[in-house]
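So the chains spell out like this:
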Amino acid sequence: MNRAAENLCLSLLSNCRTLRKLKQIHAFVYKSGLETDPLIAGKILLLSAVQISDAIDYARRLFIHHPNPDVFMYNTLIRGESESDSPNNSVSSFVRMLGESYSPPDSFSFAFALKAAANLQCLKTGFQLHCQAMVRGLDTHLFVGTTLVSMYGECGYVEFARKLFDEMNEPNVVAWNAIITAYFRGNDLSGADRMFGLIPCRDLTTWNVMLAGHTKAGDLERAKGLFLRMPSRDDVSWSTMIVGFAHNGCFYEALQVFRELVGSGNRPNEVSLTGVLSACAQAGAFEFGKVLHAFIEKIGFVWISSVNNALLDTYSKCGNVLMARLVFERMPGKKSIVSWTSMIAGLAMQGYGEEAIKLFHEMEESGTRPDEITFISVLYACSHAGLLERGHEIFSKMTGHYNIEPTIEHYGCMVDLYGRAGQLHKAYNFVVQMPVPPNAVIWRTLLGACSFFGDINLAEQVKKRLSELDPDNSGDHVLLSNIYAVAGKWKDVDTVRRLMAEKNMKKTPGWSMIEVDKIMYRFVAGDKLNDITEEAYNKLSEITLKLKVEGGYVPEVGNVLHDIEEEEKEDTLSKHSEKLAVAFGMARLCKGSTIRIVKNLRVCKDCHSFMKSISKVYKLDIVVRDRSRFHSFKEGSCSCRDYW
DNA sequence: ATAGGGTTAG
C-alpha cells in the first residue's frame, strides 16, 4: 500500500512544472507519511532547487527541516543555490557539508560549489575549493577538472585555465567547450576561434558557445553566419541570437529571429521571451509586447519572475505605467530587487517622482535591500520631477544608512538634479568638489543644463573641460552652437560649425520610431524620399497648416543650427524625425488611438510645442519617449510640465 | 548530476 502511494507521488512529481503544483503534491506526500522517503524527498528538492524557477527559498526551507539529508540532497541544494541570486549560500552549504561526517562531499559537490565560485567570480573561494579537491584526490576527476577550467576562466585567469586544461588526461567535448568559453571570457576571440578549429569533435553546445561568444563581443555578423552554418539548433541557440541582437540594440533583428523561431514550429522558452521583450522595450513596440503578454499568460509563464520583470519593463518603456503597475502588483511570490527597481524606474521616466519615492519606501519596508541600481533610479526620479530636497535626502541615505559607495553615475544624477532645476552654479560646485574625477558624461550633463537655461559663460567653461576629455564629440559641439544660436551669436555659431567641419565630425542622426500593425517604422531627419516618407511629409504639411491656423502654432527656430532665412529654418525644423513619425502615425493609425513615438535623442523645444498643439487641435494623445524621459501630450499640455 | 542562453541604470 505504501509502495502504491510512493509510486503515485513519484508519477505526480514527474509531471510537476510549477511551485504551486509542487506545494499541493508536497501536502499529499505529508498526508501519506512519505516526507522522509529518500527518493521522494530528493525529487521534491531537485524540483524546487533546480527545475522550477524562483523556488530556491522553498528548497532551502525543505532542506532545513529534513533530518539527515543524504549526499544527493546536499548536492542538489548546493547546485540550486549556485545558480540562484546569492551563490554564496551555495558555498555555505558546501562548508556545512564538510562538517557532516556521514556525508563527505563527492565530485558532484565540488563541481556545483565551483560553479558558485565561478558565478561569484571569487577566485579566493574557487582556489580554496581547488585545494580541498586536491586533498581528497578529486581534482583530477573529469567533471571537477572541467568545472575548475570554467571557474578559473570566469574569474579572469584564462592562462591558468588553459594550463589545467592541458594537464587533463583525456578532455572530452565538454572540457573543450569550457576552455573555449574561458577564451571568450578573457576577450581572446582569436584564441577561442583557434580552439574551435582544433576541437576533435563538436556538439551543439560547442556551436552555442561560439554564438554566445561572438554576440557578446558584438560581432553579430559572425554569430549569424555560425547560426546558419550549424548542423542543428536548439532553444539555447535561438535564445542566444535573440538576446544577442537585443543587447546590441538590433531590436528589429531580435524581433525577426523570434518570429522565425515561432514560425519554425518551436515553442519559445522563458529566455527567448525575456530577450524579445527586452527588444520590444528598447524599440517601444507596444502592440507586439501585448501579443507576447497574451502568449505568456496562455502558456503559463506568468509564474516566472524574470519574464514578469521583462514584461513590466516593456510596458513601462512603451509608456504604459498602468499596465506595468498591474504586472508588478500581480507578480507571484516575493518581488525581487529587479522588479522593484524596474517599477521605480518606470515611474521615474514618466516624471512620477513622488510615486517613485513612495514605492522606494515600500521596497525598504518589504525587507528588500536597495542596491546601487535602485538608487540610480530613485535619484533619476527626483531629478526628473524637480524634487531637490528629496534627492538630497536619498543621496545621503545611500551613503550613510546603506553604506553604498556612490559611483560616477550617482554623482551624474546629482549634477542632473541641480542642473535641471536651473541651479547651474550649485551643479558646477558639486562637480568640482566630487571625490571622483568628473568624466565627459558629467560635464555633458552640465552642458545640457547650460543649454536649456541659456548660460553662455558657464557653457563655454564646461565645453573647455569637455574638449580636454572628449574633443571629437559632435553632440557637445551641437549643444554649444545651439546655445550661441539662441542668443543670436551667429559668429560663434559659425566658428563651432567650421571646427566641426574641419574635424569632419558627424552629427548623430536623430531618428524616431513608430509601430503600425506590429511593424516598427523608423524615420531619420532629412530622410530620402520613398513611399513611406512621402506619405509622412504630405500628412505633415497638412497638419502644420491646420496647427498654424487653428492652434496658433509658431515654430521656435532658436534651436536651429544655421544662421539662415526664417523660412529655411522652419524647413529644417519640419524635418525633425519625431514630426514625421507622428504624421505617419496620424495617417495610418485608427482615429483616436494614442500615438507612441520613441526617439534616440532629446526632443527639441519646437517639436515639444508642436506635439502639444496637435494634442489640443486634433484631440489626440501622444506619448513620446526620448533619450531622457516620457512626454505624454494631452489637451495641449505635457506631463513633463515643460521640465525636461 | 561537468560545458552554452536570462530581466533592472548609464
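Because the structure is predicted, anything quoted here is derived from the model rather than measured.

Analysis parameters
Residues numbered from 1 in each chain as written. Chains lettered and ligands numbered in written order. Predicted model: local features only at pLDDT ≥ 70, side-chain atom pairs only at ≥ 80, totals over all residues. Heavy atoms only, no water. Helix = DSSP H or I, 4+ residues; strand = E, 2+ residues; numbered from the N terminus. Rg over C-alpha atoms; globule rule 2.2 N^0.38 Å. Buried < 20%, exposed > 50% of the residue type's maximum accessible area, 1.4 Å probe, protein only. Contact = heavy atoms within 4.5 Å. Areas by Shrake-Rupley, 256 points an atom, 1.4 Å probe, with all protein chains shown as cover. Near = heavy atom within 4 Å. Polar contact = N/O pair within 3.5 Å; in protein donor to acceptor, adjacent residues only side chain to side chain. Nonpolar A, V, L, I, M, F, W, Y, C, P; charged D, E, K, R; others polar. Salt bridge = Lys/Arg side-chain N within 4 Å of Asp/Glu carboxyl O. Pairing = 2+ DSSP bridges. Phe/Tyr/Trp six-rings, centres within 6.5 Å; stacked < 30°, edge-to-face > 60°. Lys NZ or Arg CZ within 6 Å of the ring centre and 35° of its normal. Axes fitted to C-alpha atoms, helices over the stretch in contact; angles between N-to-C directions. Parallel < 35°, antiparallel > 145°, perpendicular 65-115°, else oblique. Left-handed = near helix turned anticlockwise from the far one by under 90°. Expected span 1.5 Å × (residues − 1). Arc of directions from axis to C-beta. pLDDT = per-residue confidence, 0-100. Domains from an automatic or database assignment. Buried area = accessible area lost by both parts, 1.4 Å probe. UniProt positions renumbered as here; feature names shortened; annotations may be inferred.

Details of the overall build of chain A
When you go through chain A residue by residue, the secondary structure sums to 34 helices and six strands. Taking 2.2 N^0.38 as the reference for a compact globule, 644 residues should give roughly 26 Å; the C-alpha atoms of chain A span a radius of gyration of 29 Å, in line with that estimate. Each principal axis of the C-alpha atoms in chain A carries an extent, and together these give about 90 × 55 × 50 Å. Expressed as a percentage of the 644 residues in chain A, the buried residues total 49%. Sequence separation of at least 24 residues holds for 62% of the intrachain contacts in chain A that already meet a minimum separation of 6. Of the roughly 30,600 Å² of accessible surface on chain A, 53% is carried by carbon and sulfur atoms.

Digging into the protein's contact with DNA strand B
Among the 38 residues in the neighbourhood of DNA strand B, the closest are listed as Asn177, Asn208, Lys216, Asn269 and Ser306. Those atoms of DNA strand B that come within 4 Å of the protein belong to sugar or phosphate at a rate of 40%. At a separation of 3.0 Å, a base nitrogen of DNA strand B approaches a polar side-chain atom of serine 239. By residue class, the composition of the surface near DNA strand B is 13 nonpolar, 17 polar and eight charged.

Some details on the pattern of salt bridges
It is possible for side chains bearing opposite charge to pair when their charged atoms get close. Throughout the structure, instances matching the rule amount to 26 salt bridges. Glutamate 550 is paired through a salt bridge with lysine 546; the nearest N and O atoms lie 3.7 Å apart. Here glutamate 550 pairs with lysine 546, and both are found in helix H31 (residues 531–551), just four residues apart, close to one helical turn. Given the relative accessible area of 53%, glutamate 550 is considered exposed. Between lysine 634 and aspartate 621 there is a salt bridge, with the nearest N and O atoms lying 2.9 Å from each other. Residue lysine 634 is found in strand E5 (residues 630–634), and its partner aspartate 621 is found in the loop between helix H34 (605–617) and strand E4 (622–625); the two are separated by 13 residues along the sequence. Residue classification places lysine 634 among the partly exposed residues on the basis of a relative accessible area of 44%. Classification of aspartate 621 by relative accessible area gives partly exposed; the value is 26%. Counted as one network, the salt bridges with shared partners bring together Glu354, Arg390 and Glu393.

A short note on the sheet that holds strand E6 (residues 637–638)
Ordered by their spatial adjacency, six strands build an open sheet running E2-E1-E3-E4-E5-E6, and the pairing between neighbours is mixed. With one partner strand each, in any of the chains shown, strand E2 (519–524) and E6 form the two edges of the open sheet. One ladder, built from four bridges, connects strand E3 (residues 595–599) with E4; its direction is parallel. Each residue of the ladder has a partner; that of valine 598, found in E4, is arginine 625.

Describing the packing of aromatic side chains
Any two aromatic rings considered together are summarised by their centre-to-centre distance and by the angle between their planes. As enumerated under the stated definition, the model contains 21 aromatic pairs in all. Both rings, one in phenylalanine 227 and one in tryptophan 238, keep their centres 5.2 Å apart while their planes meet at 80°; by these two values the pair is edge-to-face. Highlighted residues: phenylalanine 227 in helix H14 (residues 220–229) and tryptophan 238 in helix H15 (residues 235–247), separated in sequence by eleven residues. For the ring pair phenylalanine 360 and phenylalanine 375, a centre distance of 5.5 Å and an interplane angle of 65° mean the geometry is edge-to-face. One end of the pair, phenylalanine 360, is in helix H22 (residues 353–365); the other, phenylalanine 375, is in helix H23 (residues 372–385), with 15 residues separating them in the sequence. For the pair formed by phenylalanine 360 and phenylalanine 375, the shared burial category is buried. Counting every residue linked through ring pairs, the aromatic cluster contains Phe395, Tyr411, Tyr418 and Phe430. Positioned over the ring face of phenylalanine 196 is arginine 202, at 3.8 Å from the centre of the ring. Lying across the ring of tyrosine 618, lysine 546 places its NZ or CZ 5.3 Å from the centre.

What about the packing of H15 against helix H16 (residues 251–263)?
Two measures define how a pair of helices packs: the angle their axes make with one another and the distance between the axes. Two elements in contact, H15 and H16, have axes whose closest approach is 8 Å; the angle formed by their N-to-C orientations is 160°. Regarding the angle of H15 to H16, the classification is roughly antiparallel. In this structure, H15 crosses over H16, and the sense of that crossing is left-handed. Residues Trp238, Met241, Ile242, Phe245 and Ala246 of H15 form the contact with H16, whose own contacting residues are Glu253, Ala254, Val257, Phe258, Glu260 and Leu261.

A few points about unusual backbone geometry
Positive phi outside glycine occurs at lysine 619, with the angle close to 50°. Mapped onto the elements, lysine 619 comes out in the loop between H34 and E4. The phi torsion at glutamate 635 lies on the positive side, around 45°, for a residue other than glycine. For glutamate 635, the location among the structural elements is in the loop between E5 and E6. We classify glutamate 635 as exposed; its relative accessible area is 67%.

Here we look at helix H6 (residues 88–99)
In this model H6 runs 17 Å from its N-terminal to its C-terminal C-alpha over twelve residues, within 8% of the 16 Å that 1.5 Å per residue would give. When H6 is considered as a whole, its buried residues turn out to be Ser90, Val91, Ser93, Phe94 and Met97. The arc that holds the buried residues of H6, viewed along the axis, is 160°, so those residues lie on one side. Close packing links the buried residues of H6 with helix H5 (71–82), helix H7 (107–120) and helix H8 (123–135).

Digging into the confidence of the model for chain A
Looking at chain A as a whole, its pLDDT mean stands at 92, while 97% of the residues score no less than 70. Across residues 561–568, confidence stays below pLDDT 50; counting only partners more than four residues off in sequence or on other chains, it has 14 contacts.

A short note on the domain arrangement of chain A
Partitioning chain A into structural domains gives domain 1 (334–388 + 396–405), domain 2 (406–507) and domain 3 (512–638). Relative to domain 2, the C-alpha centre of domain 1 lies at a distance of 27 Å. Opposite the 14 residues of domain 1 that make contact, domain 2 presents twelve residues. Approximately 1,100 Å² of surface area, both sides summed, lies buried where domain 1 meets domain 2, with 76% of it carried by carbon and sulfur atoms. Among the residues domain 1 hides against domain 2, the three largest losses belong to Leu379, Ser383 and Leu388. Together they make up 50% of the total. Linking domain 1 with domain 2 are zero salt bridges, by the criterion used here. Between the two partners, domain 1 and domain 2, sit four residue pairs in polar contact (both at pLDDT 80 or more).

Section: the UniProt feature "repeat: PPR" (unreviewed entry) in chain A
In the numbering adopted here, UniProt assigns the feature "repeat: PPR" (unreviewed entry) to residues 203–233, 234–268 and 336–370. As a span, residues 234–268 carries 74% helix and 0% strand, and end to end its C-alpha atoms are 10 Å apart. The span residues 336–370 is 74% helical and 0% strand by assignment, and the distance between its end C-alpha atoms comes to 10 Å.

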